[in-house]
Amino acid sequence: MSPFEVRPYTEADAEMWNSFTAASKNATFLLDRRYMDYHSDRFTDASLIISRGTHTVALFAASINGGRVTAHGGLTYGGFILPFDGLDGTAVTEILGQVIDHYRRMGATSIIYKPIPYIYHRNPADEDLYALFRHGATLSACGLSSAIDLRHPRSYNENMRRNLRRSLREGVSVAPDSSKASLRTFWSILADVLAEHHSTVPVHTADELILLQSRFPKAIRLYTARAADGEMVAGALVFFTHRTAHVQYIAASARGRKLCALPSLFRFIADTQCDGLDYLDFGISTEQGGLTLNEGLHHQKYSLGGRGVTYPAYTITL
């Protein structure tokens, strides 16, 4: 008989969940309930608490839609939230078996598991990847991100250096910007860019980001680039975690592109805002689960110093 017990998460567990997540070896603030639950009206939570005796030993962040469980449907990643000590590969493999049985009893037909990329781990935490293999999971999607390793000196190619010189000549200035009005202005630029070039809209609304920023003011930060006359021409919304700063949104207006504002923006963030961090993650450059690579976007991130990090997803058929 297994020493582990699996039960559904309830709202009464929120404080415990957040404390466990903050002390875990692989989770970020995106798996804090104050972040996860901002879109609870759009996703049916199916998260689990795993205990051994009276002690919580792991969490499993997931949502469910029809018969498909996604870990987590509303987030970039989810699944197991693991402690620094107490669970080895054998234990995590056994727990995943319990999780599979739990969802099967619920009538679920599949689990889509999106692991937390290693650059966000505070301690090695790939036990879940081994457990997925042992339980027959198959790779069903693979996004390609680009991240700068901040622990090593950065070098820029000639095109990048030329763009930096131009933005300097044009008087582009970059700074942190915490005002709600600035975030709304940036959101307008972002929405225009996404509509024009990608026929899509931001995942979040401006109001949702203002709410989340009020809950995590140190972790969610806006940086803006302005022309010499003060007009905002570019911006980046950055999520700061234990090891990694993740660029959640980035956009430049037509004027900002002419002024080469984005290179200056990223150099400022990488050189002055990431003390003590290991990585600056630009996010994925792929679509359709990784089947399409936006080569222009990917090359731009490469020119800024970004190198490949995958965001895989695995499917377990129940």
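Residues numbered from 1 in each chain as written. Predicted model: local features only at pLDDT ≥ 70, side-chain atom pairs only at ≥ 80, totals over all residues. Heavy atoms only, no water.

**Student:** Looking at this structure, I do not really get the packing of aromatic side chains. What am I missing?
**Tutor:** Centre-to-centre distance and the angle between the planes together describe a pair of aromatic rings. The final tally for this structure, using the stated rule, is 18 aromatic pairs. Ring centres of Phe-29 and Tyr-35 lie 5.7 Å apart, and the angle between their planes is 85°; this geometry places the pair in the edge-to-face category. Its relative accessible area of 2% is what places Tyr-35 among the buried residues. An angle of 80° between the planes, with centres 6.1 Å apart, marks the rings of Tyr-35 and Phe-239 as edge-to-face. In this pair, Tyr-35 is assigned in helix H2 (residues 33-36) and Phe-239 in strand S12 (residues 232-240), connecting sequence segments 204 residues apart. For the residue pair Tyr-35 and Phe-239, the accessibility class agrees, reading buried in each case. Ring pairing ties together the aromatic residues Phe-29, Tyr-35, Tyr-38, Phe-216 and Phe-239, which thus form one cluster. Stacked on the ring of Tyr-9, the Lys or Arg Arg-33 has its end atom at 3.7 Å from the ring centre. Above the plane of the ring of Trp-17 lies Arg-33, whose end atom (NZ or CZ) is 4.3 Å from the centre. (Phe/Tyr/Trp six-rings, centres within 6.5 Å; stacked < 30°, edge-to-face > 60°. Buried < 20%, exposed > 50% of the residue type's maximum accessible area, 1.4 Å probe, protein only. Helix = DSSP H or I, 4+ residues; strand = E, 2+ residues; numbered from the N terminus. Lys NZ or Arg CZ within 6 Å of the ring centre and 35° of its normal.)

**Student:** So what exactly am I meant to see when it comes to the pairing of S12 here?
**Tutor:** In regular strands, side chains alternate between the two faces of the sheet. In terms of burial, S12 is largely enclosed, as 9 of its 9 residues are buried. Here strand S11 (residues 220-226) folds back onto S12 in antiparallel fashion, the turn holding 5 residues, of which Gly-230 has a positive phi close to 95°. One ladder, built from 7 bridges, connects S12 with strand S13 (residues 244-252); its direction is antiparallel. Each bridged residue has a counterpart across the sheet, and for Phe-239 the counterpart in S13 is His-246. The antiparallel hairpin formed by S12 and S13 contains 3 residues in its connecting segment. (Pairing = 2+ DSSP bridges.)

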